[in-house]
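What follows is each chain in one-letter form.
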Amino acid sequence: MEVRSVTLDNFRNWRHLELELDTSGTTFILGNNGQGKTNVVEGIYFAIRNRSFRVPFRESLILDGDAFLKVKSEVFNQGRRFDTEVLLQRSGDSYFRVNSKPLRSFQSLLTSFPAVVFQPEDLTLVKGGPGIRRDLLDELVTMQGKKSSSTVSLFEKVLQQRNSLLKQVHGKLDQDAQNTLAVWDDRLGNVGEELASLRENVLTELSKWLVEAYAIIAKESFELTLAYRRSWTGDLLEALNRSRTTDLQRGTTTVGPQRDELDILIGGKVARYHASQGEARAIAIATRLATILFLQQELGTTPVVFLDDITSELDEKRVKRLFDSIPKAQVLVTGTFLPKDFNVEKVLKVEDGRVTAAIY
Ligand SMILES: Nc1ncnc2c1ncn2[C@@H]1O[C@H](COP(=O)(O)OP(=O)(O)OP(=O)(O)O)[C@@H](O)[C@H]1O
Ligand SMILES: [Mg+2]
């Protein structure tokens with residue numbers, strides 16, 4: 001999969017930017033702090049995802065003082081061409097179109113435009129709360145096909161419905177509410193069990209790649225393992241019945257996949273609490289590398305890879321090892337300096353609101 005060109009209008013600090021991109025090998029986007037390097041790769045990502053990898057609220061992407069942004073890209077994947085177009089307005093309608101049509105589903109977006117981003121914030125994959133790790137698993141589950149993807153979305157929907165009922169009744173169940181809750185319990189029990197198994201299967205696959213990736217990056221003898229920890233034991237429906245009183249008191253569902261944990265263990269200890277900064281960083285980077293390898297196997301195409309500011313995160317040896325192990329389809333890197341012994345096909349210099357091809 002590769003992005004051949006991108007046009008940004010009113011995106012972050014870019015009033016208008018047109019870029020033709022090399023479709024294979026590494027392009028290094030070089031420039032001083034604050035020049036707009038990350039904004040360029042964020043813009044490319046936005047063109048194929050309709051969201052940012054940095055912020056949850058898209059409005060901050062619109063050039064300050066402007067009413068809208070527009071981003072277009074030309075993408076090729078396994079011989080097929082896709083033209084994407086995003087319009088985002090502060091007020092009024094926004095759209096995301098692929099080949100002039102609205103998108104069919106999030107699943108088709110993920111599988112048509114596979115992309116993996118490495119960024120300094122990835123440390124939260126290891127050190128942050130479990131939500132971010134569950135999201136990673138759910139994204140991989142979603143990519144596995146229509147059935148898996150509908151399990152993810154159905155689970156979210158049923159959970160929301162059960163939670164809003166629990167909130168509405170303020171701890172008191174009349175007959176009607178009791179019947180409705182029984183229906184939601186039943187559905188949540190089924191779809192929750194299904195989701196947990198799908199996540200467990202993905203985890204088993206990802207594990208294999210992660211162990212390999214960590215060995216490449218860190219060259220440490222510590223053993224890295226992943227463990228999925230369900231928030232209930234036995235049957236989910238029974239667990240929901242057992243937790244009903246607590247759930248009613250709290251006005252929310254306290255057992256189920258939304259409370260599950262994905263433990264990353266290093267030398268048998270939970271990395272979230274025990275890993276050093278350097279170890280956590282290597283694990284986070286290895287997780288992204290493992291995701292690339294996993295997607296390559298699942299989708300039969302190499303995702304486009306974005307490495308934002310990675311050279312500030314790792315020592316040179318590790319950067320080099322990471323680089324040598326990333327499958328080279330299309331790789332876009334940002335940084336303030338070009339590391340030594342770095343194989344790059346192209347350097348783009350970002351300065352004073354312009355991007356120019358640099359000779360190095
Ligand atoms: N919506 C916006 N409108 C205008 N400017 C913006 C907007 N959002 C961000 N910026 C500006 O874009 C500039 C460049 O941001 P960016 O994060 O791309 O820099 P960078 O080159 O990656 O820097 P660093 O090397 O520090 O990571 C910042 O000065 C920021 O204030
Ligand atoms: Mg940056």
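For the structure itself, consult the block above.
Here is a short report on the structure shown in this document. (Residues numbered from 1 in each chain as written. Chains lettered and ligands numbered in written order. Predicted model: local features only at pLDDT ≥ 70, side-chain atom pairs only at ≥ 80, totals over all residues.)

1. What to know about the overall build of the protein
Phase 1: Within the protein, the secondary structure is distributed over 11 helices and 15 strands.
Phase 2: The C-alpha radius of gyration computed for the protein amounts to 22 Å, which stays within 12% of the reference 21 Å derived for 360 residues, consistent with globular compactness.
Phase 3: Based on the C-alpha atoms only, the size of the protein along its principal axes is roughly 75 × 55 × 35 Å.
Phase 4: Taken over 360 residues, the protein has a buried fraction of 40%.
Phase 5: In the protein, the proportion of contacts linking residues at least 24 apart, taken out of those at least 6 apart, comes to 72%. (Helix = DSSP H or I, 4+ residues; strand = E, 2+ residues; numbered from the N terminus. Rg over C-alpha atoms; globule rule 2.2 N^0.38 Å. Buried ≥ 20, exposed ≤ 12 C-beta atoms within 10 Å, placed from the backbone. Contact = placed C-beta atoms within 7 Å.)

2. Thoughts on the site of ligand 1
Phase 1: In the vicinity of ligand 1 lie 17 residues, with Asn13, Asn33, Lys37, Thr38 and Asn39 positioned nearest.
Phase 2: Sort the elements by how many residues they give to the shell around ligand 1 and helix 1 (residues 37–49) lands first, with three residues. (Near = placed C-beta within 6 Å.)

3. Some words on the sheet that holds strand 12 (residues 304–308)
In a beta sheet, neighbouring strands are held together by backbone hydrogen bonds and run either parallel or antiparallel to one another.
Phase 1: Read from one edge to the other, the open sheet built from six strands follows the order 8-12-13-3-14-15, with strand pairing classed as mixed. The outermost strands of the open sheet, each flanked by one partner alone, are strand 8 (115–118) and strand 15 (354–358). Taken pair by pair, the neighbouring strands of this sheet meet at an average axis angle of 20°, ignoring direction.
Phase 2: Sheet analysis places strand 12 next to strand 13 (residues 330–335), joined by four bridges and oriented parallel. (Pairing = 2+ DSSP bridges. Axes fitted to C-alpha atoms, helices over the stretch in contact; angles between N-to-C directions.)

4. Considering the sheet that holds strand 4 (residues 68–77)
Phase 1: Ordered by their spatial adjacency, six strands build an open sheet running 2-1-4-5-6-7, and the pairing between neighbours is antiparallel. Pairing within the sheet leaves two strands with one partner each, and these edge strands are strand 2 (14–20) and strand 7 (101–102).
Phase 2: Note: strand 5 (residues 80–89) against strand 6 (residues 95–98), four bridges, orientation antiparallel. Residue Glu85 lies in a different strand from strand 6, and its bridge partner there is Arg97.

5. What to know about the nonpolar core
Phase 1: Residues Ile283, Ala286 and Leu289 are the most contacted members of the largest nonpolar core, which totals 90 residues.
Phase 2: Ignoring any residue separated from it by four or fewer positions in sequence, one finds Leu289 in contact with Ala213, Ile217, Leu322, Ser325 and Ile326. (Core = buried A, V, L, I, M, F, W, Y, C linked by C-beta atoms within 7 Å.)

6. What to know about unusual backbone geometry
Phase 1: The phi torsion at Arg12 lies on the positive side, around 50°, for a residue other than glycine.
Phase 2: Mapped onto the elements, Arg12 comes out in the loop between strand 1 (2–11) and strand 2.
Phase 3: Unlike most non-glycine residues, Asp309 shows phi in positive territory, near 60°.
Phase 4: The topology assignment puts Asp309 in the loop between strand 12 and helix 11 (316–325).

7. Examining helix 11
Phase 1: Within helix 11, burial applies to Val319, Leu322 and Phe323. Projection of helix 11 onto a plane perpendicular to its axis shows the buried side chains occupying an angular sector of 100°, all on one side. Facing away from the buried side of helix 11, by more than 90 degrees, are the exposed residues Lys317 and Asp324.
Phase 2: Tucked into the core, helix 11 has its buried residues touching helix 6 (175–218) and helix 10 (277–299). (Arc of directions from axis to C-beta.)

8. Here's the deal with the environment of Arg80
Phase 1: Its place among the elements puts Arg80 in strand 5.
Phase 2: Sequence separation between Arg80 and Ser112 is 32 residues; the distance between their C-alpha atoms is 9.5 Å.

9. A word on the pairing of strand 2
Phase 1: As defined by bridge partners, strand 1 adjoins strand 2 across six bridges and the pair is classed as antiparallel. Looking across to strand 2, one finds that Val6 is bridged to Leu19.
Phase 2: A loop of two residues connects strand 1 with strand 2, the two strands running antiparallel in sequence, and Arg12 in this loop sits at a positive phi of about 50°.

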